[in-house]
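The residues making up each chain are set out below.
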Amino acid sequence: MTKQELYELIDIDSPADFQYFENLAAFLECDEELEYEDVAALIKDVEKDTLAQLLGDYFEEMSDFLPESETELYTIFDNVRRSLVGMSKSCDDETTQTKLADEMERFRRWYSIESRAFLTNLGTADEEEMTLRDALVCARLEALEGTKYQYDFSECSDYELDEYIVSFGDMLAAEDSEES
């Protein structure tokens, strides 16, 4: 996929246009092969405070659709959110920008391509394998369509967050932005 195709996919003309929830969702939910250099260049040029806000909002919304019993998966989402938001807010050097692009791409690949969840339709007892992304879509649709599922996310708990130290100030800023 070319840089221009990436921009079309996430509905922007330039990194300055990356300012809406839908832009981030289109990126994180993309299951196509992306050129790392294009992803890194995009993340480098996106306005970091906007990115931090979008990341916080995205992970908060996705966490709302996790079944209550999935505390381990909720913890993974919360840790990824804290890490990505923290890196976005303190992204003042090339090393941190590279780390942020690496972590966003690694999460995208795991969430939308590599993860495996199993859903059992409670009405038909049919089991289906899908990505975590698709399973959360089913969880969202469950209320609308009336189809009930039993979720098995046991194979999705293998996501390891690379070490990244979030400063105390970043944590307080993230907590303040969550409250408002």
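Refer to the structure printed above.
In this report, we go over the structure that sits alongside the text. Since this is a predicted model, take the numbers as computed values, not measurements.

1. So, the pattern of salt bridges
1) Next: A complete count under the given rule lists 10 salt bridges for this structure.
2) Next: Across the salt bridge formed by Arg 133 and Asp 31, the nearest N and O atoms sit 3.4 Å from each other. Within this pair, whereas Arg 133 is found in helix H7 (residues 132–145), its partner Asp 31 is found in the loop between helix H2 (21–28) and helix H3 (36–45), the two being separated by 102 residues in sequence.
3) Next: Here Asp 31 falls in the partly exposed class, since its relative accessible area comes to 46%.

2. Side note on the sheet that holds strand E3 (residues 149–152)
1) Next: Spatially, the three strands line up as an open sheet ordered E2-E1-E3, and their pairing is antiparallel. The open sheet is flanked by strand E2 (127–130) and E3, the only strands paired with a single partner. Across the sheet, the mean angle from the axis of one strand to that of its neighbour is 25 degrees, orientation sign disregarded.
2) Next: Of the strand pairs in this sheet, strand E1 (residues 117–121) and E3 are connected by four bridges, and their pairing is antiparallel. From the neighbouring strand, Phe 118 faces E3, where its bridge partner is Asp 152.
3) Next: Sheet contacts for H7: E1, E2 and E3; angle to E3, the most-contacted strand, approximately 155 degrees.

3. Remarks on the packing of aromatic side chains
The way to describe two aromatic rings as a pair is by their centre distance and the angle between their planes.
1) Next: For the structure on display, the rule yields 13 aromatic pairs.
2) Next: Aromatic pair Phe 107 and Trp 110: ring centres 5.7 Å apart, planes at 50 degrees, arrangement tilted. One end of the pair, Phe 107, and the other, Trp 110, are both in helix H6 (residues 94–114), three residues apart, so they sit about a helical turn from each other.
3) Next: For Phe 107, a relative accessible area of 0% puts it in the buried group.
4) Next: Between Phe 107 and Tyr 111 the ring centres are 5.2 Å apart and the planes differ by 15 degrees, which places this aromatic pair in the stacked class. Of this pair, Phe 107 and Tyr 111 both sit in helix H6, four residues apart, which is roughly one turn of that helix. Neither Phe 107 nor Tyr 111 differs from the other in exposure class; each is buried.
5) Next: Taking NZ or CZ as reference, Arg 106 lies 4.6 Å from the ring centre of Tyr 159, over its face.
6) Next: The residue whose ring lies beneath Arg 140 is Phe 65, and the NZ or CZ to ring-centre distance is 5.4 Å.

4. Here's the deal with a nonpolar patch on the surface
1) Next: Taken together, the side chains of Val 137, Leu 141 and Leu 144 present a nonpolar region at the surface, about 260 Å² in accessible area.
2) Next: Residue position: Leu 144 is located in helix H7.

5. Considerations on the pairing of E2
1) Next: When E1 meets E2, the two strands line up antiparallel, connected through four bridges. Residue Ala 117 lies in a different strand from E2, and its bridge partner there is Met 130.
2) Next: Joining the antiparallel neighbours E1 and E2 is a turn of five residues, in which Ala 125 adopts a positive phi near 65 degrees.

6. Considering the environment of Ile 113
1) Next: You can see Ile 113 is positioned in helix H6.
2) Next: For the pair Ile 113 and Arg 133, spaced 20 residues apart in sequence, the C-alpha separation works out to 8.3 Å.
3) Next: Not counting the four nearest positions on each side in its chain, Ile 113 is found in contact with Cys 30, Asp 31, Glu 32, Arg 108 and Thr 131.

7. Concerning H6
Along an α-helix, residues three or four apart share an orientation, since each turn contains 3.6 residues.
1) Next: Over its 21 residues, H6 extends 28 Å from the first C-alpha to the last, a length consistent with the 30 Å expected when each residue adds 1.5 Å.
2) Next: Listed as buried for H6 are Thr 96, Gln 97, Leu 100, Ala 101, Glu 103, Met 104, Glu 105, Phe 107, Arg 108, Trp 110, Tyr 111 and Ser 112.
3) Next: For H6, the capping residue at the N-terminal end is Asp 93, with a side-chain oxygen 3.0 Å from the backbone nitrogen of Thr 95.

8. Observations concerning unusual backbone geometry
1) Next: Unlike most non-glycine residues, Asp 11 shows phi in positive territory, near 60 degrees.
2) Next: Residue position: Asp 11 is located in the loop between helix H1 (3–9) and H2.
3) Next: On the basis of relative accessibility, which here comes to 64%, the residue Asp 11 falls in the exposed class.
4) Next: We note that Ala 125 has phi near 65 degrees; this positive angle belongs to a residue other than glycine.
5) Next: We classify Ala 125 as exposed; its relative accessible area is 59%.

Calculation criteria
Residues numbered from 1 in each chain as written. Predicted model: local features only at pLDDT ≥ 70, side-chain atom pairs only at ≥ 80, totals over all residues. Heavy atoms only, no water. Salt bridge = Lys/Arg side-chain N within 4 Å of Asp/Glu carboxyl O. Helix = DSSP H or I, 4+ residues; strand = E, 2+ residues; numbered from the N terminus. Buried < 20%, exposed > 50% of the residue type's maximum accessible area, 1.4 Å probe, protein only. Pairing = 2+ DSSP bridges. Axes fitted to C-alpha atoms, helices over the stretch in contact; angles between N-to-C directions. Contact = heavy atoms within 4.5 Å. Phe/Tyr/Trp six-rings, centres within 6.5 Å; stacked < 30°, edge-to-face > 60°. Lys NZ or Arg CZ within 6 Å of the ring centre and 35° of its normal. Patch = residues over 30% accessible without salt bridge, like charges linked within 9 Å, V, L, I, M, F, W, Y side chains within 5 Å. Areas by Shrake-Rupley, 256 points an atom, 1.4 Å probe, with all protein chains shown as cover. Expected span 1.5 Å × (residues − 1). Polar contact = N/O pair within 3.5 Å; in protein donor to acceptor, adjacent residues only side chain to side chain.

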